[in-house]
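Residue-level listing of the chains:
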Amino acid sequence: MNPMHPSPQSPVTILGIPYDQSSSFLRGAAQAPGVIREAFRSPSSNTCCEAGVDLETEPRLLDAGDLTFEPETDPFEQIEAAVGDLLDNGSRVLTFGGDHAIAYPVLKAYGKRFERLNLLQLDAHPDLYDELDGNYLSHACPFARIMEDRLVARLVQIGIRTLNPHQRMQAERFEVEIIDMRTWDPRTVPALEPPLYLSLDLDVLDPAFAPGVSHHEPGGLSVREVIRIIQGLQVPLVGADLVELNPTRDPTGVTGMVAAKLFKEIAANMLEF
Ligand code: MN
Ligand code: MN
């Protein structure tokens, strides 16, 4: 355990990861980080979380901008190094994806610094494929890699509604706790223990609320249900990612506003407002 690992009182740094090369269906998620920042500052709303604290003037909330990828270097190594540097400097990290593939290198940085991580994934998809179209690093695979590398002690998935036989087998193999949408009830959210990390794929939401994602999967959660899950967490998160916003599918910008709203509530949890 790195003695420098961040405490719940440590600052939170936003890091944009403009990466969508591991998307299996559509590109576009690389454009998301700037769109989320813009929606956060949209004059149509304000920059306060629902607890009534202005995040724009909060000194513990920092923004490292977007990661710039060096063309000759492995992007996953660059993501892991950038997140690791922020953690070693005593910050927690809130990443704006990017497609969900980024969760693997981000959790690599976390897993090397935190013992017995609890990982909460909100997603329509379990993302547990061993490989998809021959790609082991596809955005359909990160949680298989995370479990194989034993980067977390526990993985809980909420919102799942796309299990197929292969992914069901993978979930059993890795002992993933899946709360699927057939039996969804807010009271079924299990108690999670620190250190806790949140990976939030926007397609956990019903496409009626958030159409600006690459994979429209009907039958999902409402925005309020996701906010309740975040506000109901009993411990402050050590880190979080907000992934899969695809601005090319969001002509009215409503999904960008949803992403900014969820960002504010995640930040509020991390800063304990
Ligand atoms: Mn996902
Ligand atoms: Mn998904």
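In this report, we go over the structure that sits alongside the text. It should be emphasised that the depicted structure is a prediction, and the values quoted were computed from it without experimental measurement. (Residues numbered from 1 in each chain as written. Chains lettered and ligands numbered in written order. Predicted model: local features only at pLDDT ≥ 70, side-chain atom pairs only at ≥ 80, totals over all residues. Heavy atoms only, no water.)

**Focus: the sheet that holds strand β4 (residues 118-122)**
Put simply, the test is: DSSP calls a pair of strands paired once it identifies at least 2 bridges connecting them. Here a strand is any run of E in DSSP of at least two residues, a helix any run of H or I of at least four, and the numbering for each starts at the N terminus. Each axis is a line fitted through C-alpha atoms, and for a helix only the stretch in contact is used; angles between axes span 0 to 180 degrees, taken between their N-to-C directions. Here, residues are in contact when the closest pair of their heavy atoms is within 4.5 Å.
Strands sit in the order β2-β1-β3-β8-β7-β4-β5-β6 across an open sheet of 8 strands; the sheet is parallel. Both outer strands of the open sheet, β2 (61-66) and β6 (177-180), are each paired with one neighbouring strand and no more. When strand polarity is set aside, the average angle formed by the axes of neighbouring strands in this sheet is 15°. Pairing of strand β1 (residues 12-16) with strand β3 (residues 92-96) involves 5 bridges; the strand directions are parallel. Each bridged residue has a counterpart across the sheet, and for Gly16 the counterpart in β3 is Phe96. Docked against the sheet, helix α3 (residues 103-111) engages β3, β4, β7 (196-201) and β8 (239-243), running at close to 175° with respect to β7.

**Details of unusual backbone geometry**
Cis rather than trans, the peptide bond between Gly97 and Gly98 has omega equal to 10°. With respect to the helices, strands and loops of the structure, Gly98 is situated in the loop between β3 and α3. At the junction of Pro194 and Pro195, the peptide bond is cis and its omega measures out at -5° in the coordinates. Within the chain, Arg150 stands out as a residue other than glycine whose phi angle is a positive 55°. Counting through the fold element by element, Arg150 comes out in the loop between α4 (142-148) and β5 (154-160). One non-glycine residue, Glu175, adopts positive backbone phi at about 55°. As for its placement among the helices and strands, Glu175 is situated in the loop between α5 (165-173) and β6.

**Quick look at the coordination of the manganese ion (ligand 2)**
Just so we agree on the cut-off: Coordination here is defined by N, O and S atoms within 2.8 Å of the metal (3.2 Å for Na, K and Ca), and since water is not considered, a site can look incomplete. The classification of residues rests on relative accessible area computed with a 1.4 Å probe and restricted to protein chains. Under 20% of the type maximum is buried, over 50% is exposed, and intermediate values are partly exposed.
Ligation of the manganese ion (ligand 2) by protein atoms is provided by Asp123 (OD), His125 (ND1), Asp201 (OD), Asp203 (OD) and Asp203 (OD), these donors lying 2.1 to 2.4 Å from the ion. Between the donor residues of the manganese ion (ligand 2), the gaps in sequence give the motif D-x1-H-x75-D-x1-D. The metal-metal distance between the manganese ion (ligand 2) and the manganese ion (ligand 1) is 3.2 Å, with Asp123 serving as a donor to both. In this pair, His125 sits in the loop between β4 and α4 while Asp203 sits in the loop between β7 and α6 (223-231), placing the two residues 78 residues apart along the sequence. Asp203 carries the same exposure label as His125, and that label is buried.

**Some details on the pattern of salt bridges**
Quick reminder of the rule: What makes a salt bridge here is a side-chain nitrogen of Lys or Arg within 4 Å of a carboxyl oxygen of Asp or Glu, nothing more.
All chains considered together, the criterion is met by 14 salt bridges. With its nearest N and O atoms 2.9 Å apart, the salt bridge here joins Asp185 to Arg187. Accessibility expressed as a relative area gives 22% for Asp185, which makes it partly exposed. The network of salt bridges with shared partners includes Asp130, Arg145, Glu148 and Arg173.

**Some remarks on the environment of Asp127**
Here is the rule: Throughout this description, a polar contact denotes any pair of N or O atoms lying within 3.5 Å of each other; where both atoms belong to protein, one of them has to be capable of donating a hydrogen while the other can accept it, and for residues adjacent in sequence the pair is counted only when both atoms sit in side chains.
Topologically, Asp127 is positioned in the loop between β4 and α4. Sequence-wise, Asp127 and Val226 are 99 residues apart; in three dimensions their C-alpha atoms are separated by 19 Å. When near neighbours in sequence (up to four residues on either side) are disregarded, Asp127 contacts His100, Gln121, His139, Ala140, Cys141, Pro142, Phe143, Ala144, Gln167 and Asp201. Side chain to side chain, Asp127 and His100 meet in a polar contact 3.0 Å long.

**Remarks on the packing of helix α2 (residues 75-88) against α3**
Put simply, the rule is: In what follows, roughly perpendicular refers to angles from 65 to 115 degrees, roughly parallel to angles under 35, roughly antiparallel to angles over 145, and oblique to any angle outside these ranges. Two helices cross in a left-handed way if the nearer one is turned anticlockwise from the farther one by less than a right angle. They cross in a right-handed way if the turn is clockwise. We call Asp, Glu, Lys and Arg charged. Ala, Val, Leu, Ile, Met, Phe, Trp, Tyr, Cys and Pro are nonpolar, and the rest, Gly among them, are polar.
Orientation of α2 relative to α3, taken along the N-to-C sense of each, is 40°, at an axis distance of 8 Å. Taken together, the axis directions place α2 and α3 in an arrangement best described as oblique. Classified by chirality, the crossing of α3 by α2 is right-handed. Along its contact with α2, which presents Phe76, Ile79, Glu80, Val83, Gly84 and Leu87, the element α3 presents Tyr104, Pro105, Val106, Lys108, Ala109 and Tyr110. Class assignment of the residues belonging to the contact of α2 with α3 gives a composition of 9 nonpolar, 1 polar and 2 charged.

**Observations regarding the pairing of β1**
Heads up, the rule is: Call a crossover right-handed when, viewed with both strands pointing away from you, the route from the first strand across the helix to the second goes clockwise.
Taken across its 5 residues, β1 has 5 buried, putting it largely inside the fold. Residues of β1 alternate between two faces, with Val12, Ile14 and Gly16 on one and Thr13 and Leu15 on the opposite face, all of them buried. Bridging between β1 and β2 involves 4 bridges; their strand directions are parallel. Following the sheet pairing, Ile14 is matched in β2 by Asp63. Following the chain from β1 across helix α1 (residues 32-40) to the adjacent parallel β2, one finds a crossover that is right-handed.

**A look at the nonpolar core**
Nonpolar side chains in soluble globular proteins tend to end up buried together. Heads up, the rule is: The term nonpolar core refers to a set of buried residues drawn from Ala, Val, Leu, Ile, Met, Phe, Trp, Tyr and Cys, joined through side-chain atoms within 4.5 Å.
Judged by nonpolar contacts, the single largest core of 49 residues is most densely connected at Leu120, Leu200, Leu202 and Leu262. For this core, the element with the most residues is helix α7 (residues 254-270), which contributes 9 residues. Membership of the second largest hydrophobic core comes to 36 residues, among which are Val83, Tyr104, Leu117 and Val152.

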